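Architecture and fold: a report
Letter by letter, the chains look like this.
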Amino acid sequence: MAGGPAVELVNVTKRFGDVSAVDEVNLSVGDGEFFSLLGPSGCGKTTTLRLIAGFEYPTYGSLTIHGAEMGLLPPNERPVNTVFQSYALFPHMSVEDNVAFGLQMKKVASAEISERVGRVLDQVQLRHRATSRPSQLSGGQRQRIALARALVNEPEVLLLDEPLGALDLKLRQSMQVELKDLQARVGITFIYVTHDQEEALTMSDRIGVMDNGRLLQVGEPASIYEHPTSRFVAGFIGDINLIEAKVAGPDEVQLSSGRSLSISTRMAPGSSVTLALRPERLELYDPDEAIPDNHIRLPGKVSRKLYYGDAFYYDVEVGLEHPVEVKEENRPGVETYELGDQAVVCWDPSSTNVVKD
Amino acid sequence: MATEVATVELEERAKRAESRRGVLIGAPAFLYLILFFALPLLIVLVYSFASRSSTGATILGNWNLNSWIRVFDSQVAQIAWRSLWLASLTTVFCLVFGYPFAYWIATRSDRARGVLLILVMIPFWSNFLVRTYAIRFLMGVEGPVSIVSQALGGEPIRILFTNTAILIGMVYGYIPFMILPLYAALERMDWRLVEAARDLYAPGWTAFKKVTFPLSMPGVVAGSVLVFIPSLGAYVIPAILGGSNTVLLGDYIVSQFLSARNWPFGSALSTAVMIVMLAATIFYFRRGGRTL
Amino acid sequence: MTESTTAGRWSERLLGANGWLLYLFLYVPIFVLIVFSFNDNQRVAVWTEFSFRWYGEMLDNDAVLRALRNTLIVAAVATTISTILGTVAALSMERYRFRGQRSADGLLYLPIIIPDVTMAVMMLLFFAQAINIASHVVRLNFGLGTISLAHIAFNIAYVAVVVRARLALMEPQLEEAAADLYASKWQAFRRVTLPLIMPGVAGGALLALTLSLDDVVVTSFVSGPGSTTLPVYVFGLVRRGVTPLINAVSVVMLVASIVLVGISLGLQRRSGKTSPLIE
């Protein structure tokens, strides 16, 4: 294997007619990394995956795998395998023939094929179904066979296109854990496409968030979640409060209600910014309670209360266009509020995210 | 790192190679059809402008529009009208009896459907000439039905060689072509929509009229086309079941080449019939169907 | 489909009655024909006794046997070639994009739409011209060759329709998956595409065979002396009147076509696909 990151995209663009499905994407995925491409439908994440797999050719840009330029190689010449969303198992072949297919194409010796196929089927715990047809398997089993079929070839990079989308919730959750463990054991670089942010957050070493063909932010799950750099990323992952404000001074922003908050931005006075606040980072205090000095505060009135079992979600009217959503854990020691109660929304300055656009 | 121009060129080249491969793969078939179908079509068109010698031989010269003018002749119009009428009646009857039949099969249990379908497929795949002959045999003056009716004290039946016989023969021959597309459309339908209509207080007949029938329209169109077109140009059925005084389009065209020996006129006629059928098919499918 | 979607009880009865009546309509003529083909009497419809007499006569009849031989030869040749050509046409249209595809589409649908009289006329004029032009170099004639060429011409389109339908049903990602697993285009075709469209190819072949065996008009226009096929021969006999010999020959043709259907259904059941419909 040549040197270089497992997969590197430099200025990769894919245009279909006038539309840029993938727009100047720059990305570097390291060896052994579990990297997720996250975004809504149509954001270009699947197209990006297909560019890496070789089912599409980039309109321009460079695509290298371990340093070797691969942008224009056909898919059967790339050291990459794909797990398709629909699994794409060959219906007329048995499970073991499906799994053996790639090795047969590479003219591997049949003794070695049997051994490797057996091993990978053991890894996904489906050795006992080796002679069945795909139509005889359940959705979850088919998913594992699709995985086995790709893994047995020991590719340099494994691509997964929303592989868990068709499974029900419980199965999906257990498969997420299994996939993560598998990847850690096998050590192959995984590039995982999904629109489910929970999946991305729990499984990935790093996440790349895409929208409209552009790669908006790349980072570890914690940094994406806690420090989104754009309105879209903030709103796409988890719940978020987005509050418009105008910069009034180096340490001050003004809300549409006229109220000022002491928040530092490094922007010119007069510019518009958006405050992105996670509901779980906000706390509710009684108006006559003692609030830590450095906390930023917004007084208001509770307009809605939702019980989620493990938490309460409050909507608090603070004089802005939308209420602010606050999440408070449901455990002793945390005060609960009722509809109509006066309350102050507070948060530690470090929880403030200022995003542009 | 590849430059944009070079990359675009390569992508274009790959696309063109794909295209070329596609053409090459299909080439034997396309070439065959051009030689043995498109070319003959052209030749017929050319012949329609040719002239005819007094002995009936065709002269590929002396180009004229005589044959085409004759196509719009009143005698031809009469024959055309008769054929159109018969074809329309056939289609209507096939629809009237075939639709409930297809609906009935489509609403049976899975197992029953399989058997019922096979029972329809058997006549569908049986030799067409033989099926027509079977009806001919049945309807003859000396045929079994006649014998039976005579034994019961009645008259021998005299349907044969009338338009009615042709109609019965055509419905007999073509009704499977109506049933199968209809069944396919009904089977593919999302019946939950009918349930939804019922849930919204539509009584049975209304649910059918407003939901089922419109949704099965592609099947109705396909079936109608598959019945109307062959009925219009039918030759074998009228030849076996019809009388010598009922001239329909199929026989009229054939006679131009066998007895009347007026090839230019026959060519013009067959071209005209083909154009009408093409127009009817395109019209039908624009209106209510999908591609075949 | 639940109970609530079927018509009320009264309509149910009507539907069922229509259904069974239609089956009667479809089958009675055939059964009557079969029964009377075993009738010993020269006067066809008066039943005397059961006998194989007419089948015996059929086997002695040279004209019938020659026509049968011709039919089989033409059917075999036409079916084989049109299946291959129809399949490549289907592959070309469904898996590739190229300029002129719309015209190719038209070329592939037109033979299905035009009536057989038009087709017969086209073929007659074409071969007449071709033989004429070729006569400077070689003596060609109407015969089994022209019949086969004509049959192939209309069969290609039908095979193509059936195979295209099957191709369209196939998940396109399967071919991508094969490529992803290092298969070349040819390997992907041979190991994945071809096995999966086989039922369609077989269906198309069956259709071509049936159309070839059914054809009367086109064949009669392009056959020569001594090259009659069985359907054309029977057609000629029928126009002259009903004879018991025709009954026997018809029943043989009927049984043959039903056997073919049976074989195709059996094959399809084995490959797992149950619907033998064209569309």
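Just so you know, these numbers come straight off a predicted model, no measurement behind them.

1. Digging into the overall build of chain A
Along the backbone of chain A there are 8 helices and 20 strands. Overall, the C-alpha framework of chain A stretches about 80 × 45 × 35 Å when taken along its three principal axes. Relative to its 357 residues, chain A shows a buried fraction of 38%. Long-range pairs, those at least 24 residues apart, make up 64% of the contacts in chain A with a sequence separation of at least 6.

2. Focus on the overall build of chain C
Within chain C, the secondary structure is distributed over 11 helices and 0 strands. Reading the secondary structure of chain C in the N-to-C direction produces α-α-α-α-α-α-α-α-α-α-α. Expressed as a percentage of the 279 residues in chain C, the buried residues total 46%.

3. As for the sheet that holds strand E10 (residues 214-219) of chain A
All names here are of chain A. With mixed pairing, the 6 strands of this open sheet are ordered in space as E6-E7-E8-E3-E9-E10. The open sheet is flanked by strand E6 (80-83) and E10, the only strands paired with a single partner. Between one strand and the next, the sheet's axes are offset by a mean angle of 20°, whatever the strand orientation. Across 4 bridges, the pairing between strand E3 (residues 34-38) and strand E9 (residues 206-211) is parallel. Note on E9: the bridge partner recorded for leucine 38 is valine 209.

4. Digging into the domain arrangement of chain C
Residue and element names in this part refer to chain C. Taken domain by domain, chain C consists of domain 1 (1-37) and domain 2 (53-271). One C-alpha centre belongs to domain 1, the other to domain 2; they are set 32 Å apart. Of the residues lining the interface, 5 residues belong to domain 1; the matching set on domain 2 comes to 6 residues. Split into classes, the residues belonging to the side of domain 1 that touches domain 2 amount to 4 nonpolar, 1 polar and no charged.

5. Details of the interface of chain A and chain C
By a frequent convention, interface size equals the accessible area lost on bringing the separate parts together. Contact with chain A, which involves 16 residues of that partner, is made by 15 residues of chain C. Sorting the residues of the side of chain A that touches chain C by element identifies E6 and helix H2 (95-105) of chain A as the ones contributing at least two each. No other element matches the 3 residues that H2(A) contributes to the side of chain A that touches chain C.

6. Notes on the domain arrangement of chain A
You can read the domains of chain A as domain 1 (7-234) and domain 2 (239-355). Contacts between domain 1 of chain A and domain 2 of chain A engage 6 residues on the former and 6 residues on the latter.

7. Describing the pairing of strand E1 (residues 7-16) of chain A
All names here are of chain A. When E1 meets strand E2 (residues 19-29), the two strands line up antiparallel, connected through 7 bridges. Counted as the bridge partner of glutamate 8 is serine 28 from E2. Taking the residues between adjacent antiparallel strands as the criterion, E1 and E2 are bridged by 2 residues, where glycine 17 takes a positive phi near 65°. Summarising the sheet, E1 and strand E4 (residues 60-65) pair through 5 bridges and their orientation is antiparallel. Each residue of the ladder has a partner; that of glutamate 8, found in E4, is threonine 64.

8. Details of the confidence of the model for chain C
All names here are of chain C. In this model, chain C carries an average pLDDT of 85, and 91% of its residues clear a pLDDT of 70 or more. Put simply, helix H2 (residues 53-60) is where chain C has its lowest mean pLDDT, 79, and helix H7 (residues 173-180) is where it has its highest, 95. Ignoring residues within four places in sequence, the model shows residues 273-279, a span with pLDDT below 50, making 17 contacts including any to other chains.

9. What to know about unusual backbone geometry
Among all residues save glycine, negative phi is the norm, and among peptide bonds the norm is trans. All names here are of chain A. A positive phi is found at asparagine 11, a non-glycine position, where the angle reads about 55°. Examined against the element boundaries, asparagine 11 turns out to sit in strand E1. In this structure, glutamate 24 takes a positive phi of about 50° despite not being glycine. With respect to the helices and strands, the residue glutamate 24 is situated in strand E2. The class for glutamate 24 is partly exposed, based on 15 C-beta atoms found within 10 Å.

10. Remarks on the packing of helix H8 (residues 192-199) of chain B against helix H9 (residues 204-215) of chain B
Residues and elements named next belong to chain B. Interaxial distance between H8 and H9 falls to 10 Å at its minimum, and their mutual angle equals 165°. The pairing of H8 with H9 is recorded here as roughly antiparallel in orientation. Crossing of H8 against H9: the hand is right-handed. Only Ala207, Lys210, Val211, Thr212 and Leu215 of H9 make contact with H8, whose side of the interface consists of Leu193, Val194, Ala197 and Arg198. A class-by-class count of the residues in the contact of H8 with H9 yields 6 nonpolar, 1 polar and 2 charged.

11. Re the packing of helix H3 (residues 62-95) of chain C against helix H8 (residues 185-214) of chain C
The packing of two helices is summarised by the inter-axis angle and the distance between the axes. Residues and elements named next belong to chain C. Packing of H3 against H8 leaves a shortest axis separation of 9 Å and a crossing angle of 140°. Taken as a pair, H3 and H8 cross one another with a handedness that is right-handed. Every residue of H8 that contacts H3 at Thr71, Val74, Ala75, Ala78, Thr79, Ser82, Thr83, Gly86 and Thr87 is listed here: Val201, Gly204, Ala205, Ala208, Leu209, Ser212 and Leu213.

12. Quick look at the interface of chain B and chain C
Counting from both sides, the interface comprises 80 residues of chain B and, opposite them, 78 residues of chain C. Top contributing element to the side of chain B that touches chain C by residue count: helix H1 (residues 4-47) of chain B, with 21 residues. In the side of chain B that touches chain C, the residues fall into 58 nonpolar, 16 polar and 6 charged.

13. Considerations on the nonpolar core
One finds A:Ile191 and C:Met123 to be the most contacted residues of the largest nonpolar core, which totals 255 residues. Per element, the largest residue contribution to this core is 18 residues, and it comes from helix H7 (residues 163-188) of chain B. Once residues lying within four places of it in the same chain are set aside, the contact partners of C:Met123 are B:Pro40, C:Ala150, C:Val218, C:Phe221 and C:Val222.

14. A closer look at helix H4 (residues 101-113) of chain C
Helix length check: H4(C) (13 residues) gives 19 Å between terminal C-alpha atoms against 18 Å at 1.5 Å per residue, within 8%. Along H4(C), the residues that are buried comprise C:Ala104, C:Leu107, C:Leu108, C:Pro111 and C:Ile113.

15. Quick notes on the sheet that holds strand E13 (residues 260-261) of chain A
Residue and element names in this part refer to chain A. Strand order in the open sheet formed by 5 strands is E13-E12-E11-E14-E20, with antiparallel pairing between adjacent strands. Unpaired on one side and paired on the other, E13 and strand E20 (353-355) mark the two borders of the sheet. As defined by bridge partners, strand E12 (residues 252-255) adjoins E13 across 2 bridges and the pair is classed as antiparallel. In the strand pairing of E13, glutamine 254 is matched with serine 260.

16. Digging into helix H4 (residues 139-151) of chain A
For the α-helix, the turn length of 3.6 residues means that residues three or four positions removed from each other point alike. Residue and element names in this part refer to chain A. For H4, spanning 13 residues, the distance from its first C-alpha to its last is 18 Å, which sits close to the expected 18 Å at 1.5 Å a residue. Among the 13 residues of H4, 10 are classified as buried, and the element is accordingly described as predominantly covered. Of the surrounding secondary structure, the elements contacted by the buried residues of H4 are E6, H2, helix H3 (110-123), strand E7 (157-161) and helix H5 (169-186).

17. Quick look at the pairing of strand E11 (residues 241-249) of chain A
All names here are of chain A. Bridge analysis of E11 against strand E14 (residues 272-277) gives 6 bridges, and the strand direction is antiparallel. In the strand pairing of E14, lysine 246 is matched with serine 272. One ladder, built from 4 bridges, connects E11 with E12; its direction is antiparallel. Bridging from a neighbouring strand, valine 247 pairs with valine 253 of E12.

18. Looking at the environment of A:Val186
Within the fold, A:Val186 resides in helix H5. In sequence terms A:Val186 and A:Glu154 are 32 residues apart; their C-alpha atoms lie 9.1 Å from each other.

Calculation rules
- Residues numbered from 1 in each chain as written.
- Chains lettered and ligands numbered in written order.
- Predicted model: local features only at pLDDT ≥ 70, side-chain atom pairs only at ≥ 80, totals over all residues.
- Helix = DSSP H or I, 4+ residues; strand = E, 2+ residues; numbered from the N terminus.
- Buried ≥ 20, exposed ≤ 12 C-beta atoms within 10 Å, placed from the backbone.
- Contact = placed C-beta atoms within 7 Å.
- Pairing = 2+ DSSP bridges.
- Axes fitted to C-alpha atoms, helices over the stretch in contact; angles between N-to-C directions.
- Domains from an automatic or database assignment.
- Nonpolar A, V, L, I, M, F, W, Y, C, P; charged D, E, K, R; others polar.
- pLDDT = per-residue confidence, 0-100.
- Parallel < 35°, antiparallel > 145°, perpendicular 65-115°, else oblique.
- Left-handed = near helix turned anticlockwise from the far one by under 90°.
- Core = buried A, V, L, I, M, F, W, Y, C linked by C-beta atoms within 7 Å.
- Expected span 1.5 Å × (residues − 1).

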